[in-house]
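Residue-level structural notes
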Amino acid sequence: MTEFFADAESSFDEAKFVFYGYPYDGTACFRKGTSEAPDEIRKHSYNFETYLMELGIDLCDVSANDWGNLEITKDQGKNEAKLEELVTKIVSSNKFPIGIGGEHSLTPAAVRAVQSKYPNLAVVILDAHLDFRQEYEGNENSHATVTRRLTDIVGLDKVRPVGIRSVSQSEISEARTIGLKFIESGWTELIEYLTDIIDELDCPIYLSLDMDAIDPAFAPGVGTPEPFGMTPYEVLQTINFFSDRIVAFDCVEVSPPYDNGNTSALAARIIRHLIGAIWQSQERFK
Ligand code: MN
Ligand code: MN
């Protein structure tokens, strides 16, 4: 790691928000490169003002720490064990974890850790892909099986994918048979669907942003780009909508080798907005 995420200058003990990088892309199927994303997103985080005009707050007033990158080996299980240990440490100290991937296989291990603090946890996933296969290329813990693993951890009713527009036929028919509730991309009734989630799930939320949820026009540098996606503004609205109950966040699947810089910049800016929105709407962080 060459530099901290911008304004994450507090010590671990003082910080309310803790960044960690997970530079792993071992199961990426189409094009690799997400392992470079944590450092690239950090680099782009310096582009922005500390003042967030849309929220009227200054990130200089918010204490954050950047723990750095997890050490990655070829052994995915070991990587995830280390990740789970770190995130457990962050949430058990009543801090807010911000994971920067790496690929989406980060999320189940992080969710296990966050669930140890919040047993009632639900997960909202922004993603182009349903990620609902039982296994992919022989791996049950692939970046293409994330939603499925999350339903194993927190339960079918507590996993809500948003922005979906890419599935296999067997994947979607199984999801429908089992009763997985998800929101397709392109619906104009986004707020209505998000309201349903709020009404049905009165509990803490882990928010996972797979950057390919966003249209490739805005976020071209991802592992598996998929047209007809969400706008960045819809992502901000979603964050604002849940900001009083989000207890952990990750941003995954940015692939710098395929980026002109815009995707890393967008990821960094969304993360900065999220911190501001959470800080503003949750008393415990003041
Ligand atoms: Mn995904
Ligand atoms: Mn995806």
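As shown above, the structure is provided for reference.
This is a predicted model, so every value here is computed, not measured. (Residues numbered from 1 in each chain as written. Chains lettered and ligands numbered in written order. Predicted model: local features only at pLDDT ≥ 70, side-chain atom pairs only at ≥ 80, totals over all residues. Heavy atoms only, no water.)

The subject of this paragraph is the overall build of the protein. Broken down by element type, the protein carries eight helices and 10 strands. Its C-alpha atoms give the protein a radius of gyration of 17 Å, near enough to 19 Å, the size a compact globule of 286 residues would have. When the backbone C-alpha atoms are referred to their principal axes, the protein occupies close to 50 × 40 × 35 Å. Burial statistics for the protein: of 286 residues in total, 59% are counted as buried. Here the analysis covers contacts within the protein between residues at least 6 apart in sequence; of these, 78% occur between residues at least 24 apart. Within the structure as shown, the protein displays about 11500 Å² of accessible surface, and the carbon and sulfur contribution to it stands at 49%. For the protein, the centre of its 25 positive side-chain charges and the centre of its 46 negative side-chain charges are spaced 4 Å apart. (Helix = DSSP H or I, 4+ residues; strand = E, 2+ residues; numbered from the N terminus. Rg over C-alpha atoms; globule rule 2.2 N^0.38 Å. Buried < 20%, exposed > 50% of the residue type's maximum accessible area, 1.4 Å probe, protein only. Contact = heavy atoms within 4.5 Å. Areas by Shrake-Rupley, 256 points an atom, 1.4 Å probe, with all protein chains shown as cover. Lys, Arg positive; Asp, Glu negative; His and termini not counted. Charge placed at Lys NZ, Arg CZ, Asp CG, Glu CD.)

Take the packing of helix 6 (residues 190-200) against helix 7 (residues 232-242) next. Relative placement of two packed helices is described by the angle separating their axes and the distance separating the axes. Where helix 6 contacts helix 7, the two axes come as close as 11 Å, and the packing angle between them is 25°. Taken together, helix 6 and helix 7 sit at an angle that is classed as roughly parallel. Here helix 6 runs over helix 7; the crossing is right-handed. Taken together, the residues of helix 7 that come into contact with helix 6 (itself represented by L190, I191, L194, T195, I197 and I198) are E234, T238, F241 and F242. (Axes fitted to C-alpha atoms, helices over the stretch in contact; angles between N-to-C directions. Parallel < 35°, antiparallel > 145°, perpendicular 65-115°, else oblique. Left-handed = near helix turned anticlockwise from the far one by under 90°.)

Turning to the coordination of the manganese ion (ligand 1), a few remarks are in order. Ligation of the manganese ion (ligand 1) by protein atoms is provided by H104 (ND1), D127 (OD), D131 (OD) and D210 (OD), these donors lying 2.1 to 2.3 Å from the ion. Separation of the manganese ion (ligand 1) from the manganese ion (ligand 2) amounts to 3.3 Å, with D127 serving as a shared donor to the pair. Here H104, found in the loop between strand 5 (96-101) and helix 3 (106-117), pairs with D127, found in the loop between strand 6 (122-126) and helix 4 (146-154); they are 23 residues apart in sequence, far enough to count as distant. Judged by relative accessible area, which is 0%, D127 ranks as buried. (Donors = N, O, S within 2.8 Å, 3.2 Å for Na, K, Ca; no water.)

Take the packing of aromatic side chains next. Counted by the stated rule, this structure contains six aromatic pairs. Measuring from centroid to centroid gives 4.2 Å for F5 and F19, while their planes differ by 20°, and the two rings are stacked. Residue F5 is found in the segment before strand 1 (17-22), and its partner F19 is found in strand 1; the two are separated by 14 residues along the sequence. You'll find F5 and F19 in the same group, each marked buried. Taking the centre distance of 6.1 Å and the plane angle of 75° together, the rings of F96 and F285 count as edge-to-face. Residue F96 is found in strand 5, and its partner F285 is found in the segment after helix 8 (262-281); the two are separated by 189 residues along the sequence. The pair F96 / F285 is uniform in exposure class, with both members buried. Each member of the aromatic cluster is reached from another via a ring pair, and the members are F17, F96 and F285. Over the ring of F12 we find K89; its NZ or CZ atom is 4.6 Å from the centre of that ring. (Phe/Tyr/Trp six-rings, centres within 6.5 Å; stacked < 30°, edge-to-face > 60°. Lys NZ or Arg CZ within 6 Å of the ring centre and 35° of its normal.)

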